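Descriptive analysis of the structure
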Amino acid sequence: EVQLVESGGGLVQPGGSLRLSCAASGFTFSSYSMSWVRQAPGKGLEWVSHVLRGSDATTYADSVKGRFTISKDNAKNTLYLQMNSLKFEDTAVYFCTTIIPYSGGFGSWGQGTQVTVSS
């Protein structure tokens, strides 16, 4: 079965950095576009970033542009999110997802990893 397992979250001070990882299995990782989505406490889901299959083209939400970098390592079946210059408002549970081919909708989800930005 499809499995997505996020890791790398934790407590970090404002201005700090974290790298999130998403280990994928049960499907052909290189054939799928992937995304990161987050949910802040008491808030709805917010799309953060995606990377397209094949082209590896990346797109970011305005709130994280210039600070976050998404990447895929197809050899390791792993998706990454490098987060720099972290802000209080980045506090959230971060999920990785597949993107359904052609439809652009979110497919499978991981369990999420907690990122807390606090002084």
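Shown above is the structure to which this text applies.
Predicted model, so just to flag it, every value in this text is computed and none were measured.

With that settled, the discussion passes to the overall build of the protein. In terms of regular secondary structure, the protein is built from 0 helices and 11 strands. When the helices and strands of the protein are read in sequence order from the N terminus, they spell out β-β-β-β-β-β-β-β-β-β-β. Relative to its length of 119 residues, the protein is compact, with a C-alpha radius of gyration of 13 Å against a globular reference of 14 Å. Overall size of the protein, expressed as C-alpha extent along the three principal axes, is 40 × 25 × 25 Å. The contacts of the protein with a sequence gap of at least 6 include a subset with a gap of at least 24, amounting to 55%. If you sum the accessible surface of the protein, you get close to 6,000 Å²; carbon and sulfur atoms cover 50% of it. Measuring between centres, the 9 positive side-chain charges of the protein sit 3 Å from its 8 negative side-chain charges.

This paragraph deals with the environment of Ile-99. Mapping Ile-99 onto the fold places it in strand E9 (residues 92–99). Its relative accessible area of 12% is what places Ile-99 among the buried residues. Counting along the chain gives 65 residues from Ile-99 to Met-34, while the straight-line C-alpha distance between them is 5.5 Å. With residues near it in sequence (within four places) discarded, Ile-99 still touches Tyr-32, Ser-33, Met-34, Ser-35, His-50, Gly-104 and Gly-105.

Definitions and cut-offs
- Residues numbered from 1 in each chain as written.
- Predicted model: local features only at pLDDT ≥ 70, side-chain atom pairs only at ≥ 80, totals over all residues.
- Heavy atoms only, no water.
- Helix = DSSP H or I, 4+ residues; strand = E, 2+ residues; numbered from the N terminus.
- Rg over C-alpha atoms; globule rule 2.2 N^0.38 Å.
- Contact = heavy atoms within 4.5 Å.
- Areas by Shrake-Rupley, 256 points an atom, 1.4 Å probe, with all protein chains shown as cover.
- Lys, Arg positive; Asp, Glu negative; His and termini not counted.
- Charge placed at Lys NZ, Arg CZ, Asp CG, Glu CD.
- Buried < 20%, exposed > 50% of the residue type's maximum accessible area, 1.4 Å probe, protein only.

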